[in-house]
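# Fold and geometry: a report
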Amino acid sequence: MFDNLTNRLSRAMKTLRGEARLTEANTQEMLREVRMALLEADVSLPVVREFVAKVKESALGTDVAGSLNPGQALVGVVHKELTAVMGGDLGADASELDLTTTPPAIILMAGLQGAGKTTTTGKLARLLVTGELIQNGRKIPKKKVLVVSVDVYRPAAIEQLRTVAGQVGADFFPSAADQKPRDIALAAVDHARKHHYEVLIVDTAGRLGVDEAMMQEISMLHGLIKPIETLFVVDAMQGQDAVNVAKAFGEALPLTGVVLTKLDGDARGGAALSVRHITGKPLKFIGTSEKLDGLEVFHPERMAQRVLG
Ligand code: GDP
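Residues numbered from 1 in each chain as written. Predicted model: local features only at pLDDT ≥ 70, side-chain atom pairs only at ≥ 80, totals over all residues. Heavy atoms only, no water.

Under the convention used in this document: UniProt positions are given in the numbering used here, feature names are shortened, and annotations may be inferred rather than shown by experiment.
An unreviewed UniProt entry lists the chain under the name Signal recognition particle protein, with Advenella mimigardefordensis as the source organism. The Catalytic activity (unreviewed entry) comment attached to the chain in UniProt states, word for word, "GTP + H2O = GDP + phosphate + H(+)". Under the UniProt heading Sequence similarities (unreviewed entry), the note attached to the chain is "Belongs to the GTP-binding SRP family. SRP54 subfamily."

Shown next as structure tokens:
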């Protein structure tokens, strides 16, 4: 395992004892540690570079008189900047799910195969069905939720969603391998309207890698059903690769948010920083377990803390 940033910084801090100011010279060693720690936490190189430059700029203007030592002042600067780039700069309601539209509020799930789309569809449906979703201190009233899969390439994926929906108490709109994704999507929206569903979550097909046909299909579906939320689901364990995938999805679709899954594993959370940077979109949820109650609202400072270690 890697050494965490806090350990690295406290070691580097020793060299700063007795200094009254953070200067170009005395912060160099610590900035090097910040850079190494972020790379080890799987943040992509260009993002690390930009971040370290920001920390440096902010640190050089920091008066350390009030801190126990300059090292601690620098840790504070790193934490503050990290929280900001994780989404703290977007305001408190950035990670809220937007459901304020004429029902049904449509949520489109996008991402590679295996990222956790179907599981997250179930988890999100569960939060909405049970009324357990808390956003900005407010409980969101229970919703009537319909889920549908347009993954006609993998019948097992459709069955998986049926099972998951049953487990969380959401209704399932059936679909089959011999149908066209657009027909399924339109029929599901129509059904949701007629039966007064408040939320419709559309689970889409994923490929093992980004490919043109898949991007065209999801972009077509987006234009067709005009979701209020388009969530990009990405596996935190993908580390550096998450950047390229995020870039491709961000270019193909007007994303409204990101869900980072599998944060219960070893992933340090560096992908959160990269994906947020690449897409410019807020992280809205994190997946913290294989189980269907393992979805949490994203908090920038908590993720900053996790990356800091
Ligand atoms: P999809 O192909 O994008 O629909 O991915 P799935 O929803 O089928 O998920 C792929 C695998 O990842 C499954 O084994 C899930 O149980 C697992 N998974 C999804 N989200 C999480 C998570 O947050 N934590 C853990 N540990 N596993 C997850």
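### Quick look at helix H5 (residues 117-130)
Rules: Secondary structure elements are defined from DSSP: runs of H or I of at least 4 residues count as helices, runs of E of at least 2 residues count as strands, and each element is numbered from the N terminus. Multiplying one less than the number of residues by 1.5 Å gives the expected span of a helix. Burial classes follow relative accessibility: with a 1.4 Å probe on protein chains only, a residue under 20% of its type's maximum area counts as buried, one over 50% as exposed, and anything between as partly exposed.
Between the first and last C-alpha of H5 there are 20 Å, a value that for 14 residues agrees with the 20 Å anticipated at 1.5 Å per step. Where burial is concerned, most of H5 is hidden: 12 out of the 14 residues are buried. What H5 keeps buried is the set Lys117, Thr118, Thr120, Thr121, Gly122, Lys123, Leu124, Ala125, Arg126, Leu127, Leu128 and Val129.

### Remarks on helix H2 (residues 24-40)
In a regular helix each residue adds 1.5 Å, so 17 residues correspond to 24 Å; H2 covers 24 Å between its end C-alpha atoms and thus fits that length. Among all positions of H2, only Asn26, Thr27, Met30, Leu31, Glu33, Val34, Ala37 and Leu38 are buried. Following H2 by one or two positions, Asp42 adopts a phi angle in the positive range, close to 80 degrees.

### Considering the site of the ligand
Definition in use: One heavy atom within 4 Å of a molecule or strand makes the whole residue count as near it. Identification of polar contacts relies on pairs of N or O atoms within 3.5 Å, with a donor-acceptor requirement for protein atoms, meaning one able to donate a hydrogen and the other able to accept it, and with residues adjacent in sequence counted only if both atoms are side-chain atoms. Only the protein chains shown count as cover for residues, and all accessible areas are computed by the Shrake-Rupley method using a 1.4 Å probe. We call Asp, Glu, Lys and Arg charged. Ala, Val, Leu, Ile, Met, Phe, Trp, Tyr, Cys and Pro are nonpolar, and the rest, Gly among them, are polar.
Around the ligand lies a shell of 17 residues, among which Gly114, Lys117, Thr118, Thr119 and Asp264 are the nearest. Taking Lys117, its main chain carries an N or O atom lying 2.7 Å from an oxygen atom of the ligand. Within the complex, the protein chains bury 80% of what would otherwise be the 580 Å² of accessible surface of the ligand. Residue composition of the shell around the ligand, by class: two nonpolar, nine polar and six charged.

### With respect to the packing of helix H8 (residues 212-225) against helix H9 (residues 241-252)
Counted only if it meets this: Lines fitted to C-alpha atoms define the axes, with helix axes restricted to the stretch in contact, and inter-axis angles between N-to-C directions lie between 0 and 180 degrees. The cut-offs work like this: below 35 degrees is roughly parallel, past 145 is roughly antiparallel, 65 to 115 is roughly perpendicular, and the gaps in between are oblique. Helix crossings fall into two classes, left-handed where the near helix is turned counterclockwise from the far one by less than a right angle and right-handed where it is turned clockwise. Residue contacts follow a heavy-atom distance rule, with two residues in contact if any of their heavy atoms lie within 4.5 Å.
In the contact formed by H8 and H9, the axes pass within 10 Å of each other and the chain directions differ by 40 degrees. The angle between H8 and H9 places the two elements in the oblique class. The element H8 and its partner H9 pack so that their crossing is right-handed. On the side of H8, the interface is formed by Met214, Met215 and Ser219, while H9 contributes Ala248, Phe249 and Ala252. Residue composition of the contact of H8 with H9, by class: five nonpolar, one polar and no charged.

### With respect to the sheet that holds strand E8 (residues 257-261)
The condition is simple: Think of it this way: DSSP has to see at least two bridges between two strands before they count as a pair.
One open sheet accounts for eight strands, arranged E5-E4-E6-E1-E7-E8-E9-E10; its pairing is mixed. Each edge of the open sheet carries a strand with a single partner, namely strand E5 (171-173) and strand E10 (295-297). Mean inter-strand twist for the sheet, computed between neighbouring axes without regard to direction, equals 25 degrees. One ladder, built from five bridges, connects strand E4 (residues 145-149) with strand E6 (residues 199-203); its direction is parallel. Pairing of Val145 across the sheet is with Val199, part of E6. In the packing of helix H7 (residues 181-194) onto the sheet, contacts are made with strand E1 (105-110), E4, E5 and E6, and the angle to E4 comes to roughly 170 degrees.

### Focus on the UniProt feature "domain: SRP54-type proteins GTP-binding" (unreviewed entry) in the chain
When the UniProt feature table is mapped to this numbering, "domain: SRP54-type proteins GTP-binding" (unreviewed entry) covers residues 282-295. Helix makes up 0% of residues 282-295 and strand makes up 43%, while its end C-alpha atoms are separated by 16 Å.

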